[in-house]
Amino acid sequence: MKAFVVDKYNKNGALRLAEMPEPDLQDNDVLIEIHAAAVNPLDSKIKSGEFKLILPYRMPLILGHDVAGTIVRIGPKVRKFKAGDNVYARPRDGRIGTFAEFIAVDEADVALKPRNLSMEEAASLPLVGLTAWQTLVESANLKKGQKVFIQAGSGGVGAIAIQLAKHLGATVATTAGAANFDLVKSLGADIVVDYRKQDFEKILTGYDVVLNSQDAKTLAKSVHVLKPGGKLISISGPPDPEFAKQRRLNVMLKLVLRFLSRGIRAKARRLGITYSFHFMWAQGNQLSKITSLVESGTIRPVVDRVFPFEAANEALAYVEEGRAKGKVVIKVR
Ligand SMILES: NC(=O)c1ccc[n+]([C@@H]2O[C@H](COP(=O)([O-])OP(=O)(O)OC[C@H]3O[C@@H](n4cnc5c(N)ncnc54)[C@H](OP(=O)(O)O)[C@@H]3O)[C@@H](O)[C@H]2O)c1
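Residues numbered from 1 in each chain as written. Predicted model: local features only at pLDDT ≥ 70, side-chain atom pairs only at ≥ 80, totals over all residues. Heavy atoms only, no water.

Engineer: I'd like a description of the sheet that holds strand 12 (residues 207-212), backed by residues and values.
Structural biologist: Here we have six strands laid out as an open sheet, ordered 11-10-9-12-13-14, and parallel in their pairing. Single-partner strands in this sheet number two, and they are strand 11 (191-194) and strand 14 (274-277). Strand-to-strand twist of the sheet, defined as the mean angle between neighbouring strand axes without regard to direction, takes the value 15°. Both strand 9 (residues 147-150) and strand 12 contribute to a ladder of three bridges, which runs parallel. Residue F149 lies in a different strand from strand 12, and its bridge partner there is V210. Relative to strand 9, helix 4 (residues 156-167) is tilted by about 170°, and along the sheet it contacts strand 9, strand 10 (171-176) and strand 12. Across the sheet, helix 10 (residues 262-271) is in contact with strand 13 (226-234) and strand 14; its angle to strand 14 comes to roughly 150°. (Pairing = 2+ DSSP bridges. Helix = DSSP H or I, 4+ residues; strand = E, 2+ residues; numbered from the N terminus. Axes fitted to C-alpha atoms, helices over the stretch in contact; angles between N-to-C directions. Contact = heavy atoms within 4.5 Å.)

Engineer: Tell me what's going on with the side chain of S154, and back it up with residues and numbers.
Structural biologist: Note on placement: S154 falls in the loop between strand 9 and helix 4. The residues touching S154, leaving out its near neighbours within four places in the chain, are N180, L183, V184, A324, K325 and G326.

Engineer: Just give me the short version of the site of the ligand, but keep the residues and values in it.
Structural biologist: Contacts to the ligand come from 24 residues, most closely from S154, G156, Y195, M280 and A324. The separation between an oxygen atom of the ligand and a polar side-chain atom of S154 is 2.7 Å. Within the backbone of A324, a nitrogen or oxygen atom sits 2.6 Å from an oxygen atom of the ligand. Residue composition of the shell around the ligand, by class: nine nonpolar, 12 polar and three charged. Split by domain, the shell around the ligand shows at least three residues from each of two domains, domain 1 (2-124 + 301-331) and domain 2 (127-277). (Near = heavy atom within 4 Å. Polar contact = N/O pair within 3.5 Å; in protein donor to acceptor, adjacent residues only side chain to side chain. Nonpolar A, V, L, I, M, F, W, Y, C, P; charged D, E, K, R; others polar. Domains from an automatic or database assignment.)

Engineer: Describe in detail the nonpolar core, supporting the description with residues and values.
Structural biologist: Core analysis: the biggest nonpolar cluster contains 118 residues, and I46, L63, V148 and I150 have the highest contact counts within it. Broken down by element, the residue count for this core peaks at eight residues, all from strand 3 (residues 29-39). Counting residues domain by domain, this core receives three or more from each of domain 1 (2-124 + 301-331) and domain 2 (127-277). In contact with I46, other than residues within four places in its own chain, are Y9, F51, L55, Y57, L61, L63, H65 and I96. (Core = buried A, V, L, I, M, F, W, Y, C linked by side-chain atoms within 4.5 Å. Buried < 20%, exposed > 50% of the residue type's maximum accessible area, 1.4 Å probe, protein only.)

Engineer: Which residues make up the pairing of strand 14, and what are the values?
Structural biologist: Side-chain alternation along strand 14 places Y275 and F277 on a buried face and T274 and S276 on a face that remains uncovered. Examined bridge by bridge, strand 13 and strand 14 share four bridges and lie parallel to one another. Looking at the pairing, L232 lines up with Y275 of strand 14.

Engineer: Let's hear about the environment of Y318: which residues, and what values?
Structural biologist: Within the fold, Y318 resides in helix 12 (residues 312-320). Here the alpha-carbon distance between Y318 and V39, two residues 279 residues apart in the chain, equals 9.4 Å. Beyond its immediate stretch of four places on either side in the chain, Y318 contacts D304, R305, F307, A324 and V328. In terms of polar contacts, Y318 uses its side chain to reach the side chain of D304, at 2.8 Å.

Engineer: Residue-level account of the pattern of salt bridges, with values.
Structural biologist: Applying the stated criterion across every chain, the model contains 16 salt bridges. The closest approach of N and O atoms between D7 and R16, which form a salt bridge, is 2.7 Å. Classification of R16 as partly exposed rests on a relative accessible area of 38%. The salt bridge involving K331 is made with E120; its shortest N-O contact spans 3.1 Å. Of this pair, K331 sits in strand 16 (residues 327-331) while E120 sits in helix 2 (residues 119-123), and the two are 211 residues apart along the sequence. Three or more residues are tied together by salt bridges with common partners; here these are R90, D93 and R247. (Salt bridge = Lys/Arg side-chain N within 4 Å of Asp/Glu carboxyl O.)

Engineer: Quick rundown of the domain arrangement of the protein chain? Include the residues and the values.
Structural biologist: Domain annotation of the protein chain identifies domain 1 (2-124 + 301-331) and domain 2 (127-277). Relative to domain 2, the C-alpha centre of domain 1 lies at a distance of 26 Å. Counting residues at the interface gives 17 residues for domain 1, matched by 17 residues for domain 2. For the pair domain 1 and domain 2, the summed buried area comes to about 1,200 Å², and 65% of that belongs to carbon and sulfur atoms. Run the count over domain 1 and domain 2 and you get one salt bridge. Across the pair D93 and R247 runs a salt bridge whose closest N-O atoms are separated by 3.1 Å. Inspection of the domain 1/domain 2 interface yields four residue pairs in polar contact (both at pLDDT 80 or more). Grouping the constituent residues of the side of domain 1 that touches domain 2 by class yields seven nonpolar, four polar and six charged. (Buried area = accessible area lost by both parts, 1.4 Å probe.)

Written as structure tokens, this is what we have:
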């Protein structure tokens, strides 16, 4: 099968279009014929080697974390799916590889594709949808009447997180550039701060939750938005000791992560708020809940551009520019 692979960690080199063997099917796997894949900043970070200590991969590595497609074969222990089902997934870490014609995915990571979406729209959802769900529902336990600040509302994560937070009944503030104000308002944002002209930390106060997805400076400012008892949840680092424990990282890495996060953890403690880092994980059951929210019209995908399969490198470069409005998708078939 055709696939786009990384041969060795590098920041600037292109992915290579390679002929790779079709994936082997394990007992709990479904084999998905890929129709569409989405691109995430995580793909670039893995390609550059930024994640190699936490997520070590063997080369050549087929890149890609989001898939929508049709099941063509199932393993002997698969119970929930059958050949012919249209599905989508964020395959688990260690078993990624959606920039290809086929992928084998554990059925526990898979959900039925929302019936009202095209394959391209569906592929745009799993990683960012699960990130929004796991941070806002699981980590933050966001409730009706609470206030949440979701950074970068026009980005892949932000566009879904705003809609989910509104569904949960929260008041939502976000940051965006002026050109994206209409987009984030249409997704439900109540308060929009122009990140190029205004200081959000001077405008937003008394928040229950902040979803941080930007740099260390933005993270440091975010503590001032929260009220005592508030929750600062970061998906862009620094990873904390709890993450090191969950991932069963070695002692050395545990120490490094404790060191990297000590500043923000101490600052949070002083202000009576909590800091946590979240790294999303594959979860088919949660993805099914997102399917329901999409089918009921509560959440809609936001797709900026769709690139043809041959242009996977251009799609990745476009995401690396950091200006995408919602998601960037690769049409495989
Ligand atoms: N830990 C996890 O599980 C996890 C999961 C998903 C994502 N992430 C991380 O979260 C970050 C965001 O991911 P993403 O997929 O949402 O990124 P993305 O879609 O590539 O973000 C691009 C968007 O961000 C906006 N933006 C850029 N700088 C901004 C700023 N300072 N303030 C407000 N908006 C800004 C851009 O708008 P303009 O064009 O107007 O600048 C653009 O619309 C990445 O670092 C990613 O790796 C982590």
